[in-house]
Amino acid sequence: MSDEAIPFVQSGQIRLLGIMAEKRHEQLPEVPTFKEQGYGVISSSRKSPPPRD
């Protein structure tokens, strides 16, 4: 999740339905993960380089 969204969520301007991560975000503990809601989606902010030929 983008840290730029946190103030908007905390102020109530937007509502997150879930987070695509293994664990809840430490600054938004009230927002459940999609995994907790029964969806098998997980995303990582880490980008890996493309494979070499």
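Scroll up to find the structure.
What comes next is a walk through the structure. Quick caveat, the model's predicted, so the values are computed rather than measured.

Observations concerning the overall build of the chain
- Regarding its fold elements, the chain presents one helix and zero strands.
- Taking all 53 residues of the chain together, 19% fall into the buried category.
- Taking as baseline every contact in the chain between residues at least 6 positions apart, the subset at least 24 positions apart corresponds to 4%.
- With an accessible surface of roughly 4700 Å², the chain has 52% of that area assigned to carbon and sulfur atoms.

Some words on the packing of aromatic side chains
- Counted under the stated rule, the structure contains one aromatic pair.
- With a centroid separation of 6.1 Å and 80° between ring planes, the pair formed by Phe34 and Tyr39 is classed as edge-to-face.
- Residue classification places Phe34 among the partly exposed positions, given a relative accessible area of 22%.

Thoughts on the side chain of Thr33
- Secondary-structure assignment places Thr33 in the segment after helix 1 (6-11).
- The exposure class assigned to Thr33 is buried, which follows from its relative accessible area of 1%.
- Residues contacting Thr33, with those up to four places away along its chain left out, are Ile19, Ala21, Glu22, Lys23 and Arg24.

As for the pattern of salt bridges
- Evaluated as defined, the whole model comprises two salt bridges.
- With a shortest N-O distance of 3.4 Å, Glu22 and Lys35 are connected by a salt bridge. Remark: Lys35 occurs in the segment after helix 1 and Glu22 occurs in the segment after helix 1; sequence separation between them is 13 residues.
- Between Glu36 and Arg24 there is a salt bridge, with its nearest N and O atoms 2.9 Å apart. Here the residue Glu36 occupies a position in the segment after helix 1, and Arg24 occupies one in the segment after helix 1, the gap between them amounting to 12 residues.

The rules we used
- Residues numbered from 1 in each chain as written.
- Predicted model: local features only at pLDDT ≥ 70, side-chain atom pairs only at ≥ 80, totals over all residues.
- Heavy atoms only, no water.
- Helix = DSSP H or I, 4+ residues; strand = E, 2+ residues; numbered from the N terminus.
- Buried < 20%, exposed > 50% of the residue type's maximum accessible area, 1.4 Å probe, protein only.
- Contact = heavy atoms within 4.5 Å.
- Areas by Shrake-Rupley, 256 points an atom, 1.4 Å probe, with all protein chains shown as cover.
- Phe/Tyr/Trp six-rings, centres within 6.5 Å; stacked < 30°, edge-to-face > 60°.
- Salt bridge = Lys/Arg side-chain N within 4 Å of Asp/Glu carboxyl O.

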